[in-house]
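Fold and contact review
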Amino acid sequence: MANSAQARKRARQADKQRAHNASLRSTLRTAIKRVRQAILAGDKTAAQGVFQKSVAVLDRIADKKIVHKNKAARTKSRLSAQIKALAA
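Okay, so let's go over this structure. (Residues numbered from 1 in each chain as written. Predicted model: local features only at pLDDT ≥ 70, side-chain atom pairs only at ≥ 80, totals over all residues. Heavy atoms only, no water.)

1. Structural notes on a positive patch on the surface
- On the surface, a cluster of positive charge is made up of Arg 29, Lys 33, Lys 71, Arg 74 and Arg 78.
- Taken together, the elements giving at least two residues each to the positive patch come down to helix H1 (5-41) and helix H3 (69-87).
- Take the positive patch: its biggest share by element is 3 residues, from H3.
- Relative to the assigned elements, Lys 71 resides in helix H3.
- Judged by relative accessible area, Lys 71 falls into the partly exposed class, the value being 42%. (Patch = residues over 30% accessible without salt bridge, like charges linked within 9 Å, V, L, I, M, F, W, Y side chains within 5 Å. Areas by Shrake-Rupley, 256 points an atom, 1.4 Å probe, with all protein chains shown as cover. Salt bridge = Lys/Arg side-chain N within 4 Å of Asp/Glu carboxyl O. Lys, Arg positive; Asp, Glu negative; His and termini not counted. Charge placed at Lys NZ, Arg CZ, Asp CG, Glu CD. Helix = DSSP H or I, 4+ residues; strand = E, 2+ residues; numbered from the N terminus. Buried < 20%, exposed > 50% of the residue type's maximum accessible area, 1.4 Å probe, protein only.)

In structure tokens form, the structure reads like this:
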């Protein structure tokens, strides 16, 4: 346990930030799951609509460095490829 007042405050701040980051990560995962569900349903137009909203979430969370920007780009690329494959 933290002994000084400064260390106790930093511990409180760290807990609060960790909870906030966990919430953002959960939002990210939910956005990705929605796109995957739309892809599984086979409706390309619905999948594209959900994908656009998810891209905004991915970019916003990558900007905050909750996930690495390359992971966000890779996820967007893979989801986009899956949506494009629906037409074939």
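2. Quick look at the nonpolar core
- Counting residues in each nonpolar core, the largest one holds 19 residues, and the members touching the most others are Leu 28, Val 35, Ile 39, Phe 51, Ile 61, Leu 79 and Ile 83.
- Listing elements by their share of this core, those giving two or more residues are H1, helix H2 (44-63) and H3.
- Excluding residues that lie within four positions of it along the chain, Leu 28 makes contacts with Val 57, Leu 58, Ile 61 and Val 67. (Core = buried A, V, L, I, M, F, W, Y, C linked by side-chain atoms within 4.5 Å. Contact = heavy atoms within 4.5 Å.)

3. Digging into the pattern of salt bridges
- Enumeration over the complete set of coordinates arrives at 1 salt bridge.
- As a salt-bridge pair, Lys 76 and Asp 59 come within 2.6 Å of each other at their nearest N and O atoms. A residue pair is termed long-range when its members are at least 10 positions apart, and Lys 76 in helix H3 and Asp 59 in helix H2 qualify at 17 residues.
- Relative accessible area serves as the criterion here: at 21%, Lys 76 is assigned to the partly exposed category.

4. A short note on the packing of H1 against H3
- Axis separation between H1 and H3 bottoms out at 10 Å; the angle between their running directions is 15 degrees. Classified by the angle their axes make, H1 and H3 are roughly parallel. Here H1 runs over H3; the crossing is left-handed. Between H1 and H3, the contacting residues are Ile 32, Val 35, Arg 36 and Ile 39 on the first element and Thr 75, Leu 79, Gln 82, Ile 83 and Leu 86 on the second.
- Here the residues of the contact of H1 with H3 sort into 6 nonpolar, 2 polar and 1 charged. (Axes fitted to C-alpha atoms, helices over the stretch in contact; angles between N-to-C directions. Parallel < 35°, antiparallel > 145°, perpendicular 65-115°, else oblique. Left-handed = near helix turned anticlockwise from the far one by under 90°. Nonpolar A, V, L, I, M, F, W, Y, C, P; charged D, E, K, R; others polar.)

5. Some details on H2
- In this model H2 runs 28 Å from its N-terminal to its C-terminal C-alpha over 20 residues, within 8% of the 28 Å that 1.5 Å per residue would give.
- Every buried residue belonging to H2 is among Ala 47, Phe 51, Ser 54, Val 55, Val 57, Leu 58, Ile 61 and Ala 62, and all of these are buried.
- The elements touched by buried residues of H2 are H1 and H3.
- After H2 finishes, the residue Lys 65 shows a positive phi value of roughly 60 degrees. (Expected span 1.5 Å × (residues − 1).)

6. Structural notes on unusual backbone geometry
- A positive phi is found at Lys 65, a non-glycine position, where the angle reads about 60 degrees.
- Examined against the element boundaries, Lys 65 turns out to sit in the loop between H2 and H3.

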